[in-house]
Amino acid sequence: QVQLVESGGGLVQPGGSLRLSCAASGFRFSTYTMNWYRQAPGKERELVASITSPSGTTNYGDSVKGRFTMSRDNAKNTVYLQMNSLKPEDTAVYFCNARRNDRSYWGQGTQVTVSS
């Protein structure tokens with residue numbers, strides 16, 4: 001059974017930091033590209049960051065470049081998203097996604113709220 005479980009969301013003040021985690025199971029994690037998406041109320045889901053395997057090449061959306069860092073630990077079947085210098089516009093539900101060819105799996109999401 002495939003599972004992607006996100007954690008680490010919460011309420012943070014502008015300028016603060018959060019670290020999201022996504023623990024994967026039920027598939028060959030090390031062979032999948034992993035992605036973080038987010039969806040704010042009334043907006044479409046957008047790609048925040050992605051990381052390939054085994055090279056670990058990362059790509060980021062323009063709105064988060066220089067502030068967010070994605071990493072993965074294939075030994076722990078886990079990906080991370082370090083979010084720094086958070087802004088109110090980063091408020092959204094953040095989803096973990098695993099993709100390889102025509103297979104795509106999603107987590108349930110974790111809420112991130114940036115507010116004073």
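The notes below deal with the structure included here. (Residues numbered from 1 in each chain as written. Predicted model: local features only at pLDDT ≥ 70, side-chain atom pairs only at ≥ 80, totals over all residues. Heavy atoms only, no water.)

1. As for the state of the cysteines
Condition: The criterion for a disulfide is a pair of cysteine sulfur atoms lying within 2.5 Å. Elements are defined by DSSP. Helices are runs of H or I of four residues or more, strands are runs of E of two residues or more, and each kind is numbered from the N terminus. When accessible area is computed with a 1.4 Å probe and restricted to protein chains, residues below 20% of their type maximum are described as buried, those above 50% as exposed, and intermediate ones as partly exposed.
Across all of its chains, the model carries one disulfide by this definition. In this model, Cys22 is linked to Cys96 through a disulfide, with the two sulfur atoms separated by 2.1 Å. Judged by the torsion about the S-S bond (-80°), the Cys22/Cys96 disulfide is left-handed. Remark: Cys96 occurs in strand S9 (residues 92-100) and Cys22 occurs in strand S3 (residues 18-25); sequence separation between them is 74 residues. The exposure class assigned to Cys22 is buried, which follows from its relative accessible area of 0%.

2. Describing the pairing of strand S11 (residues 110-114)
Along any regular strand the residues' side chains alternate between the sheet's two faces. Filter applied, for reference: Between any two strands, at least two bridges found by DSSP are needed for them to pair.
In S11, alternate side chains face the same way, and those of Thr110, Val112 and Val114 are buried while those of Gln111 and Thr113 on the opposite face are not. As defined by bridge partners, strand S2 (residues 10-12) adjoins S11 across three bridges and the pair is classed as parallel. Each bridged residue has a counterpart across the sheet, and for Val12 the counterpart in S11 is Val114. For S9 and S11, the ladder comprises three bridges, and the chain directions are antiparallel. Residue pairing in the sheet places Tyr94 in a bridge with Thr110 of S11.

3. Section: the pattern of salt bridges
Basically, it comes down to this: One side-chain nitrogen of Lys or Arg within 4 Å of one carboxyl oxygen of Asp or Glu is enough to make a salt bridge.
Under the criterion given, the structure shown has four salt bridges. Here Arg38 makes a salt bridge to Asp90, at a shortest N to O gap of 2.9 Å. Remark: Asp90 occurs in the loop between strand S8 (78-83) and S9 and Arg38 occurs in strand S4 (residues 33-39); sequence separation between them is 52 residues. For the pair formed by Arg38 and Asp90, the shared burial category is buried. Salt-bridge contacts for Lys65 lead to Asp62; the nearest nitrogen and oxygen are separated by 3.2 Å. Among the residues examined, Asp62 registers a relative accessible area of 67% and is labelled exposed. Connected through salt bridges with shared partners, the residues Arg38, Glu46, Arg67 and Asp90 form a single ionic network.

4. A short note on the nonpolar core
Note the threshold: Each nonpolar core is a collection of buried residues, namely Ala, Val, Leu, Ile, Met, Phe, Trp, Tyr and Cys, held together in the definition by side-chain atoms within 4.5 Å. Contact definition: two residues touch when any of their heavy atoms are within 4.5 Å.
Counting residues in each nonpolar core, the largest one holds 29 residues, and the members touching the most others are Leu4, Met34, Trp36, Val79, Leu81, Met83 and Tyr94. Within the residue set of this core, elements represented by two or more residues are S3, S4, strand S5 (46-51), strand S7 (68-73), S8, S9 and S11. Setting aside anything within four residues of it in sequence, one finds Met34 in contact with Leu4, Phe29, Ala49, Ser50, Ile51, Met70, Arg72, Val79, Cys96, Asn97 and Ala98.

5. So, the sheet that holds S8
How we decide: Axis lines are fitted to C-alpha atoms, over the contacting stretch for helices. Their N-to-C directions set the angle, which ranges from 0 to 180 degrees.
Ordered by their spatial adjacency, four strands build an open sheet running S1-S3-S8-S7, and the pairing between neighbours is antiparallel. Whereas interior strands pair on both sides, the edge strands pair on one side only; in this sheet they are strand S1 (3-7) and S7. For this sheet, the mean inter-axis angle between neighbouring strands, taken without regard to orientation, is 15°. Bridging between S3 and S8 involves six bridges; their strand directions are antiparallel. Residue Arg19 lies in a different strand from S8, and its bridge partner there is Gln82.

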